Amino acid sequence: MDVDTRLLRYFAAVAEEGSLTGAAERLFVSQPALTKQIRRLEDDLGVRLFARSRSGMALTEAGRELASRVPALLDGWDEAVRATGRAAQVLRLGFLDAGAVGSVAEAVAGFRRTRPEWRVELRQFDWSEPSAGLARGEVDAAVVRLPFPGQERWTVRELFVEERGVLLPARHPLASSATVEFRELWDEPFVAAGAETGAWRAHWLAAEERHGHPVRVGAVTSRPDEWLGAVAGGCVALAPASVARFYSHPGVVFRPVRGVSPSRVGLARPRGPRREAALDELLEAVVRRLGRGTRGPSAR
C-alpha cells in the first residue's frame with residue numbers, strides 16, 4: 001500500500017501538537033482540510049490513529065506505533081530529496097515576495113560564476129505558505145518574512161528590517177496624507193491572509209498593536225494580484241515599504257504608517273548537522289547581498 005508523504009506530515013504534526021488547531025496553524029492548512037486528510041490516512045491504513053475528544057487528539061496504540069516511526073521515515077525521504085538535488089547539482093531557494101528577496105538575483109549570479117556546475121532555482125510561494133516551501137520540504141532554504149508559524153523548527157538568520165506602511169484605495173480620505181497613524185485605520189476593512197496561517201495573519205493585521213480593538217477583515221487573499229485588487233475595491237492592507245517599488249495598481253497608493261512594528265526578513269534552512277558546501281556558499285552570498293540592516297523611507 002502506498003501512502004502520500006503529505007499525509008504522514010499531517011499525521012506527525014497532529015501527533016506532536018496534540019490538537020487539530022495547533023497542527024493546522026503549523027501546516028498552514030484549514031482545520032477541516034486537515035481533519036479530512038487524517039481521516040483519509042486512517043481509512044488507507046484501516047485503523048484509528050487518534051481518539052478524539054474536547055481536550056484534543058490522543059494517539060491510540062496504533063497511532064503511537066506509527067508516530068514512533070514516521071519522523072525517521074520523513075527524515076529519510078527529505079534526505080533522499082536533498083541527495084537527489086545534490087546529485088543533479090540543483091539548489092532550490094524559496095521566497096514570498098520581490099521586496100523580501102530583493103537583489104538575491106545578483107547573489108545567485110555571483111554564485112554561478114564560482115560554481116558553474118550548479119543550477120539555482122528560485123521558487124516563489126503565495127502567502128498561504130509563509131515558510132516559502134520549507135514546511136513542505138520543497139526547497140533547500142528560503143528568504144522569509146518573520147515571524148512565520150513554526151519558525152523555531154528551522155535555523156533562521158535575520159537579514160534586514162523593513163518599515164511597514166499601508167496600501168489604500170486611491171480615493172480613500174487618507175490617501176493624500178504624508179503619513180498615516182495606525183489608529184486611524186482600526187475600523188477599516190483589512191485584507192488578510194487565510195486563518196490557517198495563524199501568527200502570520202495576525203502580524204500583517206497588527207493584531208497585537210491594536211490595544212484590544214477588534215480587527216475587521218474585508219477580504220482574504222493569498223496572492224499579490226488579489227491583494228491589490230481587494231485594496232482597489234475598498235479594503236486597506238499593511239505592507240512592507242518595498243511594495244511601492246515592486247507592485248503597483250492604478251487604484252492603489254502606499255503611505256507610511258506610524259504605530260506599527262517593522263517587518264523582519266530572514267534566511268531559513270532546515271536544522272541538522274549535515275551540510276552541503278555549495279548551499280552554504282549560496283546562502284553566504286545571499287547574506288552578504290541582503291544583510292544590510294534597516295530599510296526605511298529610502299526603500300520606498
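This write-up is about the structure you can find in this document.

### Focus on the overall build of the protein chain
(1) Moving on: A count of helical and extended segments in the protein chain gives 10 helices and 14 strands.
(2) Moving on: Since a compact globule built from 300 residues should have a radius of gyration of about 19 Å, the 21 Å found for the protein chain is in line with a globular shape.
(3) Moving on: Counting only C-alpha atoms and orienting by the principal axes, one finds that the protein chain spans roughly 60 × 55 × 30 Å.
(4) Moving on: Looking at the protein chain as a whole, 50% of its 300 residues are labelled buried.
(5) Moving on: Long-range contacts, defined here as pairs at least 24 residues apart, represent 73% of the contacts in the protein chain between residues at least 6 apart.
(6) Moving on: Summing over all exposed atoms, the protein chain offers an accessible surface of approximately 14300 Å²; the carbon and sulfur share of this is 50%.
(7) Moving on: With 43 positive and 38 negative side-chain charges, the protein chain shows a spacing of 2 Å between the two charge centroids.

### Side note on the packing of helix 1 (residues 5-17) against helix 2 (residues 20-27)
(1) Moving on: For the pair helix 1 and helix 2, the least separation of the axes is 8 Å and the interaxial angle reads 130°. Classified by the angle between their axes, helix 1 and helix 2 sit oblique to one another. For the pair helix 1 and helix 2, the crossing hand works out as right-handed. Contacts from Arg-9, Tyr-10, Ala-13, Val-14, Glu-16 and Glu-17 of helix 1 reach helix 2 at Leu-20, Gly-22, Ala-23, Arg-26 and Leu-27.
(2) Moving on: Taken together, the residues of the contact of helix 1 with helix 2 break down into 6 nonpolar, 1 polar and 4 charged.

### A few points about the sheet that holds strand 11 (residues 237-240)
(1) Moving on: Sheet architecture is open: 4 strands sit in the order 8-12-7-11, paired in mixed fashion. The sheet is open, and its two edges are formed by strand 8 (180-181) and strand 11, each paired on a single side.
(2) Moving on: Pairing of strand 7 (residues 164-169) with strand 11 involves 4 bridges; the strand directions are antiparallel. Bridge assignment links Leu-167 to a residue of strand 11, and that residue is Ala-237.
(3) Moving on: Here helix 8 (residues 224-232) sits on the sheet in contact with strand 7, strand 11 and strand 12 (252-258), set at roughly 60° to strand 7.

### A few points about the pattern of salt bridges
(1) Moving on: Summed over all chains, the structure comprises 19 salt bridges.
(2) Moving on: Its salt-bridge partner being Glu-158, residue Arg-264 comes within 3.0 Å of it at the nearest N-O pair. Of this pair, Arg-264 sits in strand 13 (residues 263-270) while Glu-158 sits in strand 6 (residues 154-162), and the two are 106 residues apart along the sequence.
(3) Moving on: For Glu-181, the salt bridge goes to Arg-258, with nearest N and O atoms at 2.7 Å. On the criterion of sequence distance, the pair formed by Glu-181 in strand 8 and Arg-258 in strand 12 is long-range, its members being 77 residues apart.
(4) Moving on: For Arg-258, a relative accessible area of 47% gives the class partly exposed.
(5) Moving on: The structure contains a network of salt bridges with shared partners spanning Asp-97, Arg-145 and Glu-162.

### Quick notes on the side chain of Thr-60
(1) Moving on: With respect to the helices, strands and loops of the structure, Thr-60 is situated in the loop between strand 2 (56-59) and helix 4 (61-88).
(2) Moving on: In this structure Thr-60 touches Arg-48, Leu-49, Phe-50 and Ala-51, once residues within four positions along its chain are discounted.

### Quick look at the nonpolar core
(1) Moving on: Judged by nonpolar contacts, the single largest core of 48 residues is most densely connected at Val-166, Leu-167, Leu-168, Phe-182, Leu-185, Trp-227 and Leu-238.
(2) Moving on: Of all the secondary structure elements, the ones that give two or more residues to this core are strand 5 (141-146), strand 7, strand 9 (190-192), helix 7 (199-204), helix 8, strand 11 and strand 12.
(3) Moving on: Every residue in contact with Leu-167, bar those within four places of it in the chain, is listed here: Trp-227, Leu-228, Val-231, Cys-235, Val-236, Ala-237, Ala-239, Val-243, Val-252, Val-253 and Phe-254.

### Focus: helix 10 (residues 277-290)
Residues three or four positions apart in an α-helix share a direction because the helix packs 3.6 residues into each turn.
(1) Moving on: Here helix 10 spans 20 Å end to end across 14 residues, near enough to the 20 Å set by a 1.5 Å rise per residue.
(2) Moving on: Looking only at helix 10, the buried set comprises Ala-278, Leu-279, Leu-282, Leu-283, Ala-285, Val-286, Val-287 and Leu-290.

### Details of a nonpolar patch on the surface
(1) Moving on: Residues Val-215, Val-217 and Val-220 make up a contiguous nonpolar surface patch of about 210 Å² in total accessible area.
(2) Moving on: Checked against the element boundaries, Val-217 lands in strand 10 (residues 217-220).

The rules behind each value
Residue numbering note: each chain is counted from 1, following its sequence as written. A pLDDT threshold of at least 70 governs which residues receive local features in this predicted model, and a stricter bar of 80 or more applies before side-chain atom pairs are shown or counted, although totals over entire chains, interfaces and linings include all residues. To obtain the side-chain values, all non-hydrogen atoms of the structure were included, while hydrogens and water were left out. Numbering of helices and strands runs from the N terminus, with a helix taken as a DSSP run of H or I at least four residues long and a strand as a DSSP run of E at least two residues long. C-alpha atoms define the radius of gyration in this analysis, and the globule rule sets the expected value at 2.2 Å times the number of residues to the power 0.38. Three labels apply to residues, based on accessible area from a 1.4 Å probe with only protein chains included: buried if under 20% of the type maximum, exposed if over 50%, partly exposed otherwise in between. In what follows, a contact means two residues having at least one pair of non-hydrogen atoms within 4.5 Å. Reported accessibility uses the Shrake-Rupley method at a 1.4 Å probe radius. Residues are deemed covered only where the shown protein chains occlude them. Working convention for charge: Lys and Arg count positive, Asp and Glu count negative, and His plus the chain ends are omitted. The atom standing in for a charge is NZ when the residue is Lys, CZ when it is Arg, CG when it is Asp and CD when it is Glu. Angles run from 0 to 180 degrees between N-to-C directions of axes, and those axes are lines fitted to C-alpha atoms, restricted for helices to the stretch in contact. For classification purposes, angles smaller than 35 degrees are called roughly parallel, those larger than 145 roughly antiparallel, those between 65 and 115 roughly perpendicular, and all remaining angles oblique. Each crossing is labelled by how the near helix is turned from the far one, with a counterclockwise turn of less than a right angle marking it left-handed and a clockwise turn marking it right-handed. Classes in brief: Ala, Val, Leu, Ile, Met, Phe, Trp, Tyr, Cys and Pro nonpolar; Asp, Glu, Lys and Arg charged; the others, Gly included, polar. In this scheme, strands are said to pair when DSSP sees at least two bridges between them. Salt bridge, as applied in this entry: a Lys or Arg side-chain nitrogen positioned within 4 Å of an Asp or Glu carboxyl oxygen. For this analysis, a nonpolar core means a set of buried residues of the types Ala, Val, Leu, Ile, Met, Phe, Trp, Tyr and Cys, connected via side-chain atoms within 4.5 Å. A helix is expected to reach a length of 1.5 Å times the quantity of its residues less one. A patch is a set of surface residues, each over 30% in relative accessible area and not in a salt bridge, joined within 9 Å for like charges and within 5 Å for the nonpolar side chains Val, Leu, Ile, Met, Phe, Trp and Tyr.

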